[in-house]
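# Observations on the model geometry
The chain contents come next:
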Amino acid sequence: MCGRYVMARGTGDLVASFDVDESYVEEIQPSYNIAPTDQVPLIIDRRAASGDGVSRKLIMARWGLVPPWAKDPRSGARLINARMETVTEKPSFRKAAARKRGLLVADGYFEWQKTSDGKIPTYLHGEHEEMLAFAALFENWPDPALPEDHPDKWLRTCTIITTQASDSLGHIHDRTPLIVPGDLYADWLDPETTSEADVQQLLAAMPEPHLVPRRVSSKVNNVRNNGPDLIDEAA
């Protein structure tokens, strides 16, 4: 499971690194302790308004997916992760898996390793501190209490797909975010890929990530703490 992560890059970094055509995000505040229900930057591919080709967009979404049929948005705080093994089957996720796939950009994420002495907070990141792209799903929830033309009528939310952790990381936690490599960005985001079989094939094509664990201080346990010191190695 992934319940906290780090995203400390600027809008320009994301636009350049992911070949974004349209950015709807003016400025991203660095966060070293992103938690459920926070607003997070999301990359998606959608058909261009002109109908000519696909446009890659940088948008914001609230972390914790709210299905469009939900009665209220409070359920989203629980749907921060979707299991890769069942994502094309579960009612909360299957439509999004077919038509609303995205990438959540991260520098790394936190897990808590269970030991006889308690839980040890651990920061996991790329081998070269490179940006990571978590496989994500998103949905748009219509607030039934608001009129169609209200600016807050639609709530965009998202979830991170997780998979079984490899042996090298499984001792920290048995689940890990599914990380999309650069050569599969376009395939994963392609809005023309909608069949369950094709989505499952995409999921199966994701390679095992090579991440580096770093033990960090317990300050990350408190969501009110948010600074670069959270990813420093524990003394």
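Summarised in this report is the structure supplied together with it. (Residues numbered from 1 in each chain as written. Predicted model: local features only at pLDDT ≥ 70, side-chain atom pairs only at ≥ 80, totals over all residues. Heavy atoms only, no water.)

## Regarding the nonpolar core
The cut-off we apply is this: Here the nonpolar core consists of buried residues drawn from Ala, Val, Leu, Ile, Met, Phe, Trp, Tyr and Cys, with membership extended through side-chain atoms lying within 4.5 Å. To sort residues, take the accessible area from a 1.4 Å probe on protein chains only and compare it with the maximum for the residue type: under 20% means buried, over 50% means exposed, and anything in between is partly exposed. Secondary structure follows DSSP: runs of H or I at least 4 residues long count as helices, runs of E at least 2 residues long count as strands, and numbering of each begins at the N terminus. The contact criterion used throughout is that any non-hydrogen atoms of two residues lie within 4.5 Å.
Counting 56 residues, the largest nonpolar core has Y5, F134 and W188 as its most contacted members. Examining the composition of this core, we find that seven residues originate from one element, strand β10 (residues 132–142), more than from any other. Not counting residues up to four positions away in its chain, the partners in contact with F134 are C2, Y5, G102, L103, L104, A106, Y109, I160, P177, L178 and I179.

## Let's talk about the pairing of strand β4 (residues 39–47)
The cut-off we apply is this: Strands were regarded as paired on the criterion that DSSP finds at least two bridges between them.
Note that β4 and strand β5 (residues 54–63) share nine bridges and pair antiparallel. Across the sheet, the residue bridging to L42 is I59, located in β5. Between β4 and β5, which pair antiparallel one after the other, the connecting turn spans six residues, and G51 there sits at a positive phi close to 85 degrees. With two bridges connecting them, β4 and strand β7 (residues 101–106) associate as antiparallel partners. Paired with L42 across the strands is L104, a residue of β7.

## Focus: the packing of aromatic side chains
Going by this rule: Two aromatic rings, drawn from Phe, Tyr or Trp (for Trp, its six-membered ring), form a pair once their centres lie within 6.5 Å of each other, and the interplanar angle then sorts them: stacked below 30 degrees, edge-to-face above 60, tilted otherwise. Geometrically, a lysine NZ or arginine CZ counts as sitting over a ring once it is within 6 Å of the ring centre and also within 35 degrees of the ring normal.
Summed over all chains, the structure comprises five aromatic pairs. Three or more aromatic residues joined by ring pairs make a cluster, and in this case those are Y5, W63, Y109 and F134. When the ring centre of W188 is taken as origin, the NZ or CZ atom of R101, which lies over that ring, is 5.6 Å away.

## Quick notes on the sheet that holds strand β1 (residues 4–7)
Paired through their backbone hydrogen bonds, the strands of a sheet run either parallel or antiparallel. Counted only if it meets this: Lines fitted to the C-alpha atoms define the axes, with helices restricted to the stretch that makes contact. Angles between their N-to-C directions range from 0 to 180 degrees.
An order of β3-β1-β8-β9-β13 is seen for the five strands of this open sheet, with the pairing classed as antiparallel. A strand with exactly one partner marks an edge of an open sheet, and here the two such strands are β3 (31–34) and β13 (211–215). Taking the axes of each pair of neighbouring strands and ignoring which way they run, one obtains an average angle of 30 degrees across the sheet. Taken together, the three bridges between β1 and strand β8 (residues 108–115) define a ladder with antiparallel strand orientation. The residue of β8 that forms the bridge with R4 is F110.

## What to know about the pattern of salt bridges
Keep this limit in mind: A carboxyl oxygen of Asp or Glu within 4 Å of a side-chain nitrogen of Lys or Arg is what we treat as a salt bridge.
Tallying each qualifying case throughout the model produces 10 salt bridges. Of the charged contacts in the structure, one is a salt bridge between K100 and E139, with a shortest N-O distance of 3.7 Å. Of this pair, K100 sits in the loop between α2 (94–99) and β7 while E139 sits in strand β10, placing them 39 residues apart in sequence. With relative accessibility at 5%, the residue E139 sits in the buried group. Note that K219 is salt-bridged to D229, the shortest N-O span being 2.5 Å. Here K219, found in the segment after β13, pairs with D229, found in the segment after β13; they are 10 residues apart in sequence, far enough to count as distant.

## Some words on unusual backbone geometry
A positive phi is found at T37, a non-glycine position, where the angle reads about 80 degrees. Its location among the elements puts T37 in the loop between β3 and β4. With relative accessibility at 38%, the residue T37 sits in the partly exposed group. Residues other than glycine seldom take positive phi values, yet E129 does so here, at roughly 60 degrees. Assignment of secondary structure puts E129 in the loop between β9 (118–126) and β10. Given the relative accessible area of 38%, E129 is considered partly exposed.

## Some words on the layout of surface pockets
Stated formally: The pocket and cavity definitions rest on a 1 Å grid over protein atoms only: a 1.4 Å probe that fits but cannot leave marks a cavity, an open set with protein on both sides within 12 Å along at least five of seven lines marks a pocket, and residues lining either have an atom within 4 Å of a point. Grid points are joined across faces, edges and corners, and a volume is the space filled by probe spheres set on the points. By the convention adopted, Pro, Cys, Tyr, Trp, Phe, Met, Ile, Leu, Val and Ala count as nonpolar, Lys, Arg, Asp and Glu as charged, and the other residues, Gly among them, as polar.
Considering only enclosed or pocket space, the largest pocket measures out at about 210 Å³ in volume. For the lining of the largest pocket, the per-class residue count stands at 10 nonpolar, three polar and three charged.

## With respect to helix α5 (residues 196–205)
Put simply, the rule reads: Of all possible arcs, the one meant is that of the directions from the helix axis to the C-beta atoms.
Taken residue by residue, α5 has V199, L202 and L203 as its buried positions. Down the axis of α5, the buried side of the element spans an arc of 100 degrees, and every buried residue falls inside it. Of the exposed residues in α5, those oriented more than 90 degrees away from the buried face are A197, Q201 and A204. Turning to α5, the residues buried within the fold contact α2, β7, β11 (154–164) and α4 (185–189).

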